[in-house]
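# Fold and contact review
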Amino acid sequence: ARLWEAASGKPIGPPLQHQSMVSAVALSADGKTALTGSFDKTARLWEAANGKPIGPPLQHQSAVSVVALSADGKTALTGSSNKAARLWETATGKPIGPPLQHQDLVLAVALSADGKTALTGSMDKTAQLWDSATGNPIGPPLQHLMVVEAVALSADGKMALTGSTDRAARLWETATGKLIGPPLQHQDIVFAVALSADGKTALTGSYDHTARLWDTATGKPIGPP
């Protein structure tokens, strides 16, 4: 992986080296910490200012496919092909709580801005909310009809957004696990989702060759695809 100076396009420091393919990257909101995940079964934390590694590798039992960092850079979340995600304390590289276990591969992960809530999406057709301090699940699984490909959390952690191969995205109240409004419907697989910082707008991307903006309060599309 490589760090770059956005204004000039020049690289910052040396390449961030793994022993196999780099599959996922993330940056903290303050731009000070980078996180990379690799098929070498590790994730790594780096100082974004110079590309120097921070602590030892975060070790998994199999390939690390997805990663996320809290806005303050204090908490990392990594998802692996061994059907589990893990929370980590970035200052020490120590895991937080037990593995976040699914029944199938973990395909997507997200952290709230304050790092207190984690969200994972899996091939087992569910997304799950977790307490980042303990690694305990919050409420029941968020159920889709098919594989959950993408997940996002609002900055305040009160709303979750999930996208699925069932051709729909869904909005959820994190406190209750209840659906907010109707499914956000596409004509094909929804593989990418995002929420605006204020949580008022959702964005979904689909294999149907469209992306769509949605009003989260009503579940209605904003403008044309």
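Read on for an overview of the structure.

Analysis parameters
- Residues numbered from 1 in each chain as written.
- Predicted model: local features only at pLDDT ≥ 70, side-chain atom pairs only at ≥ 80, totals over all residues.
- Heavy atoms only, no water.
- Pairing = 2+ DSSP bridges.
- Helix = DSSP H or I, 4+ residues; strand = E, 2+ residues; numbered from the N terminus.
- Axes fitted to C-alpha atoms, helices over the stretch in contact; angles between N-to-C directions.
- Buried < 20%, exposed > 50% of the residue type's maximum accessible area, 1.4 Å probe, protein only.
- Contact = heavy atoms within 4.5 Å.
- Polar contact = N/O pair within 3.5 Å; in protein donor to acceptor, adjacent residues only side chain to side chain.
- Phe/Tyr/Trp six-rings, centres within 6.5 Å; stacked < 30°, edge-to-face > 60°.

### Describing the sheet that holds strand E5 (residues 42-47)
In spatial order, the strands read E3-E4-E5-E6; together these 4 strands make up an open sheet with antiparallel pairing. What marks the edges here is a single partner per strand, and that holds for strand E3 (22-27) and strand E6 (53-59). Neighbour to neighbour, the strand axes of the sheet diverge by 15 degrees on average, direction disregarded.

### Let's talk about the environment of glutamate 89
The topology assignment puts glutamate 89 in strand E9 (residues 84-89). Taking the relative accessible area as the measure of exposure, glutamate 89 reaches 35% and is therefore partly exposed. Separated by 12 residues in sequence, glutamate 89 and leucine 77 have C-alpha atoms that sit 9.2 Å apart. Among all residues touching glutamate 89, those that are not within four sequence positions of it are Lys74, Lys94 and Ile96. Only 2.6 Å separates the side chain of glutamate 89 from the side chain of threonine 92, close enough to count as a polar contact.

### Regarding the environment of asparagine 82
Its location among the elements puts asparagine 82 in the loop between strand E8 (75-80) and E9. Along the backbone, asparagine 82 and histidine 102 are 20 residues apart, and their C-alpha atoms lie at a distance of 9.1 Å. Beyond its immediate chain neighbours, meaning those up to four positions away, asparagine 82 contacts His60, Gln61, Ser62 and Gln101.

### Concerning the sheet that holds strand E10 (residues 94-101)
As a general point, the strands of a sheet are linked pairwise by backbone hydrogen bonds and lie either parallel or antiparallel. Across the sheet, 4 strands lie side by side as E7-E8-E9-E10; this open sheet has antiparallel pairing. The open sheet terminates on both sides in strands that have one partner only, identified here as strand E7 (64-69) and E10. Here the average twist between neighbouring strands, direction ignored, is 20 degrees. Both E9 and E10 contribute to a ladder of 5 bridges, which runs antiparallel. If you follow alanine 85 over to E10, its bridge partner there is leucine 100.

### Focus on the packing of aromatic side chains
Scanning all chains against the criterion turns up 1 aromatic pair. Between phenylalanine 191 and tyrosine 207, the ring centres sit 5.0 Å apart and the planes meet at 50 degrees, which makes this aromatic pair tilted. Linking phenylalanine 191 in strand E19 (residues 190-195) with tyrosine 207 in the loop between strand E20 (201-206) and strand E21 (211-215), this pair joins segments that are 16 residues apart in sequence. In this structure tyrosine 207 comes out as partly exposed when scored by relative accessible area, which is 44%.

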